[in-house]
Amino acid sequence: MSLSNEELKSILEHKIALLENSHKEKKNISLEAVSSIVKILGLPNDFSALAHRYFQLHTPPSLIWLHLSECTGCSESLLRTSLPDFLDLIFDFISLEYHETFMSASGHQAESHLKEVLEKKDFLLAVEGGVCAIDPFYLTIGAHGENGYEILQKCAKNAKTIFAMGTCSSYGGIQAAHPNPTKSIGISKVLEEKVINIPGCPPSDVNIIAALCFYILFEQDMSLDVQNRPLALYGKCLHDLCERKAKFEAGNFAQSFDDENIKQGYCLFKVGCKGPYAYNNCPKVKFNSKTSWPVAAGHGCIACSEENFWDDFGFYEKPMSNEFAYNDFSSILATEVIHNTSINELNSKNILLDLSSDSSGIFYYNENKNNFLDFSFEANPKVFLNQFAKTKIAMSLVQNFQEQFQSHYNFIQENYSDESITSTNVLDLFYFIYPFISGKKLENIDEFLDLALAYKFKHPSKFDFKTTINDQAKLDVSKSLRMPLIYILGGLDKEAITFGLVFSLKEHLKQALKACKNQHQKDQILIHSHHEKLLKIFWDLTSI
Ligand code: FSX
Ligand code: SF4
Ligand code: F3S
């Protein structure tokens, strides 16, 4: 459960009031450091003074930091903090009781101190590294011959809260990459206790410290996403925060790593940047005391804070196109169950998702067949190109397309009329996109779907469709029609682009269907189409 800012504030005020009465000596805490943590946590400015006061008065809580299967990069990242600096952090904010790399004690001395801290049952636990629970003898260390799995269980049992610091402890990380010889996994897979994931290989010092500080201040969990990552830190797509994004929109891509244009801020998508698939705040918080971050330094993001990123995102220096796949996840779109429905089966209890070529939409009345989905777009590629090239960025995109995909551009100019065509059928999106990515017209929908189904990755290159829900659902694709141009210039293949479109369409239809089901209190969703493959791909929408 996440608390409101007002509730958080009153928790903090209450804790401060208790400390004010205890006549403790005030610590010298940097207000600048605390304000920057408050900002990163997405808390209003007035929390700065309160948090500052709290850190001046509080007794730093004990922290145990374990090392399991990893490279110690997370600890290296933490060492490079400047706001607060590392020594202030470990003496004034937390009390670092056990850390195999940083502590001066070793051997029995270190182990007996760990035992003492564990016995007090009053500590936070940070774990760096994946755990080998299936073959637990890995990481067997020390005089008592305990293995990593046993050490983890022992420490987790009485921890007040547990953080998986880094991608290895969150999801398994590098040692869990195929073929995962030690069968390493994320710690949440083996612990009964709740684990907050702070992924990244490594995570930034800022994210590590912000997550610790939130707990110290409020003794509450932050709002988390489905992967148990704090939303304040991992809630936004990295690509949307990137300083090179305008170049992506303009279709200005670096062609290779020695491309001079990298220095002019050209986008790194074509040389493998996975920023559009990564959720992290790196462009904002940076690394090494805010010095830089991967994309600023000239290498694309490798989506290091995503689950299984080593295996699932292909090569680090190529886009996710089939040619560069070494895994094969194709078919994640298809499902086996197929039941075509006729429009006559509509009744007061159900909704029909109609994906036929002559009409499309989500009907919810039996008698009137009213359409719940408000949808229309300019379906003539030539007219789109003319209308779109209005802003400087859009003009550059069209110009890049014309120069680099001349035959596709010419095909569109020669084979389409100048008349605007407004379509209200979602399947027309397939016909619209195809000439941009193939330089010819789409003959039938199966051709398009076969491409999408052959895509070998599970992460889609999204189309930024927008669905708004009022009395009706409105699916707005007008701003996304530029995506095929961007993607083809960025080096994605047809399989990736068609997959992206089908995936995004499915996601948005899902939202609309859910809204329709709730608003009109319907029990069931039916699906109708003449295309067997469409039925297969969209079938699972009937079970939302
Ligand atoms: Fe290394 Fe940490 Fe990567 Fe893993 O960071 S930087 S392999 S996330 O656990 O040490
Ligand atoms: Fe930045 Fe990468 Fe997105 Fe390009 S693809 S804008 S380099 S995050
Ligand atoms: Fe990792 Fe990408 Fe950030 S590689 S460090 S999530 S820029």
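Calculation rules
Just so you know, the residues in each chain are numbered from 1, in the order the chain's sequence is written. Chains and ligands are labelled by the order in which they are written, letters from A for the one and numbers from 1 for the other. Since the coordinates come from a predicted model, pLDDT governs what is reported: local features require at least 70, and pairs of side-chain atoms require 80 or more to be given and counted, while whole-chain, interface and lining totals use all residues. The basis for every side-chain value is the complete set of heavy atoms in the structure, and neither hydrogens nor water enter the calculation. To be near a molecule or strand, a residue needs just one of its heavy atoms within 4 Å of it. Whenever a nitrogen or oxygen atom comes within 3.5 Å of another N or O atom, the pair is scored as a polar contact, on the condition that within protein one atom can donate a hydrogen and the other can accept it, and that pairs from neighbouring residues in sequence are kept only if both atoms are in side chains. Strands here mean DSSP runs of E at least two residues long; helices mean DSSP runs of H or I at least four residues long; both are numbered from the N terminus. Basically, the charged four are Asp, Glu, Lys and Arg, the nonpolar ten are Ala, Val, Leu, Ile, Met, Phe, Trp, Tyr, Cys and Pro, and anything else, Gly included, counts as polar. At least two DSSP bridges between two strands are required for those strands to pair. Interaxial angle, 0 to 180 degrees, is taken between N-to-C directions of lines fitted to C-alpha atoms, where a helix line uses only the stretch in contact. A contact between two residues is defined here by any heavy atoms of the two lying within 4.5 Å. UniProt positions are given in the numbering used here, feature names are shortened, and annotations may be inferred rather than shown by experiment. Relative accessible area decides the class of each residue, using a 1.4 Å probe on protein chains only: under 20% of the type maximum gives buried, over 50% gives exposed, and in between gives partly exposed. In this analysis, the expected span of each helix is defined as 1.5 Å times one less than the number of residues it contains. Pairs were defined over the aromatic rings of Phe, Tyr and Trp, the Trp ring being its six-membered one, requiring ring centres within 6.5 Å. Orientation was assigned from the angle between planes: stacked under 30 degrees, edge-to-face over 60, tilted for the rest. Whether a charge sits over a ring comes down to the Lys NZ or Arg CZ being within 6 Å of the ring centre and within 35 degrees of the ring normal. Within the patch definition used here, like charges are joined within 9 Å and nonpolar side chains (Val, Leu, Ile, Met, Phe, Trp, Tyr) within 5 Å, considering only residues with over 30% relative accessible area and no salt bridge. Method for areas: the Shrake-Rupley scheme with a 1.4 Å probe, in which residue coverage is limited to the protein chains shown. A side-chain nitrogen of Lys or Arg and a carboxyl oxygen of Asp or Glu constitute a salt bridge if their distance falls within 4 Å. In this tally, Lys and Arg are treated as positive and Asp and Glu as negative; His is ignored, and so are the chain termini. The atom standing in for a charge is NZ when the residue is Lys, CZ when it is Arg, CG when it is Asp and CD when it is Glu.

On to the site of ligand 1, then. What surrounds ligand 1 is a group of 13 residues, the closest being C71, G73, C74, C168 and C201. Note that an oxygen atom of ligand 1 is positioned 2.7 Å from one of the backbone N or O atoms of G73. Backbone polar atom of C74 to an oxygen atom of ligand 1: 3.1 Å apart, as the coordinates give it. Looking at the shell around ligand 1, the elements with two or more residues in it are α4 (73–79) and α8 (167–171). Residues of the shell around ligand 1, tallied by class, amount to 6 nonpolar, 5 polar and 2 charged.

Below, the discussion takes up the sheet that holds strand β14 (residues 473–476). The strands making up a sheet are joined through hydrogen bonds of the backbone, oriented either antiparallel or parallel. Pairing in this open sheet of 3 strands is mixed, and the strands run β10-β14-β13 from one edge to the other. Strand pairing shows two members of the sheet lacking a second neighbour, β10 (373–375) and β13 (466–469), which therefore form its edges. Across the sheet, the mean angle from the axis of one strand to that of its neighbour is 20°, orientation sign disregarded. The sheet strands contacting helix α22 (residues 494–519) are β10, β13 and β14, and the helix crosses β13 at an angle near 5°.

Now for the UniProt feature "domain: NADH:ubiquinone oxidoreductase-like 20kDa subunit" (unreviewed entry) in the chain. In the numbering used here, UniProt assigns the feature "domain: NADH:ubiquinone oxidoreductase-like 20kDa subunit" (unreviewed entry) to residues 71–212. Between the end C-alpha atoms of residues 71–212 there is a gap of 21 Å, over a span that is 37% helix and 15% strand.

A word on the site of ligand 2. Around ligand 2 there are 13 residues in total, and H239, C242, C267, L268 and C273 lie nearest to it. Counting only elements with at least two residues in the shell around ligand 2, the list comes to α11 (238–241) and α12 (245–249).

Along the chain, Y326 turns up in the loop between α15 (309–312) and β8 (350–355). A relative accessible area of 38% means that Y326 is categorised as partly exposed. Separated by 130 residues in sequence, Y326 and K456 place their C-alpha atoms 8.5 Å apart. Once you skip the residues sitting within four places of it in the chain, Y326 turns out to touch W310, D311, G314, F315 and Y316. A polar side-chain atom of Y326 sits 2.8 Å from the main-chain carbonyl oxygen of W310. A distance of 3.2 Å separates the side chain of Y326 from the backbone oxygen of G314, its partner in a polar contact.

On to unusual backbone geometry. Going from H178 to P179, the amide bond is cis rather than trans, its omega being 10°. With respect to the helices and strands, the residue P179 is situated in the loop between α8 and β6 (184–185). Here the residue pair C201 and P202 is connected by a cis peptide bond, since its omega of 5° sits within 30 degrees of zero. Within the secondary structure, P202 is located in the loop between β7 (196–198) and α9 (205–218). With phi around 55°, K183 is a residue other than glycine that occupies positive phi space. With respect to the helices and strands, the residue K183 is situated in the loop between α8 and β6. Notably, N228 is not glycine yet its phi reads approximately 60°, a positive angle. Inspection of the secondary structure assignment puts N228 in the loop between α9 and α10 (231–234).

Okay, the side chain of T341 next. Counting through the fold element by element, T341 comes out in the loop between α15 and β8. Only 2.8 Å separates the side chain of T341 from the backbone oxygen of I527, close enough to count as a polar contact. Not counting chain neighbours up to four residues away, the residues in contact with T341 comprise L352, L526, I527 and H528.

Next up on the list: the UniProt feature "domain: Cytochrome-c3 hydrogenase C-terminal" (unreviewed entry) in the chain. Under the present numbering, the feature "domain: Cytochrome-c3 hydrogenase C-terminal" (unreviewed entry) in UniProt falls on residues 234–315. Across residues 234–315 one finds 27% helix and 0% strand; the C-alpha atoms that close the span lie 23 Å apart.

With that out of the way, let us pick up helix α17 (residues 392–404). For α17, spanning 13 residues, the distance from its first C-alpha to its last is 18 Å, which sits close to the expected 18 Å at 1.5 Å a residue. Along α17, the residues classified as buried are A394, S396, L397, V398, N400 and F401. Buried residues belonging to α17 abut α12, α16 (381–388), α18 (406–415), α19 (428–438) and α21 (483–489).

By secondary structure assignment, the location of F503 is in helix α22. Sequence separation between F503 and I332 is 171 residues, and the spatial gap between their C-alpha atoms is 9.9 Å. Residues in contact with F503, not counting those within four places in the same chain, are L333, P460 and K462.

A word on the packing of aromatic side chains. Under the defined criterion, the tally for this structure stands at 31 aromatic pairs. Centroid distance Y455 to F457: 5.5 Å. Interplanar angle 50°. Geometry classified as tilted. Taken individually, Y455 and F457 each receive the classification buried, so the pair is uniform in this respect. An aromatic cluster of at least three residues, connected via ring pairs, comprises F375, F377, F384, F388, F401, F405, Y409, F432 and F436. Lying over the aromatic face of Y416, K441 brings its terminal NZ or CZ to 4.5 Å of the ring centre. Above the ring of F329, the side-chain terminus of K458 is found at 4.9 Å from the ring centroid.

Take a positive patch on the surface next. A cluster of basic side chains, namely K39, K236, K284 and K290, defines a positive patch on the protein surface. In this fold, K236 is placed in the loop between α10 and α11. Using a relative accessible area of 52% as the deciding quantity, one classes K236 as exposed.

Burial analysis of strand β15 (residues 524–528) places 4 of its 5 residues in the buried class, which makes it a mostly covered element. Of the strand pairs in this sheet, β8 and β15 are connected by 5 bridges, and their pairing is parallel. Counted as the bridge partner of D354 is H528 from β15.

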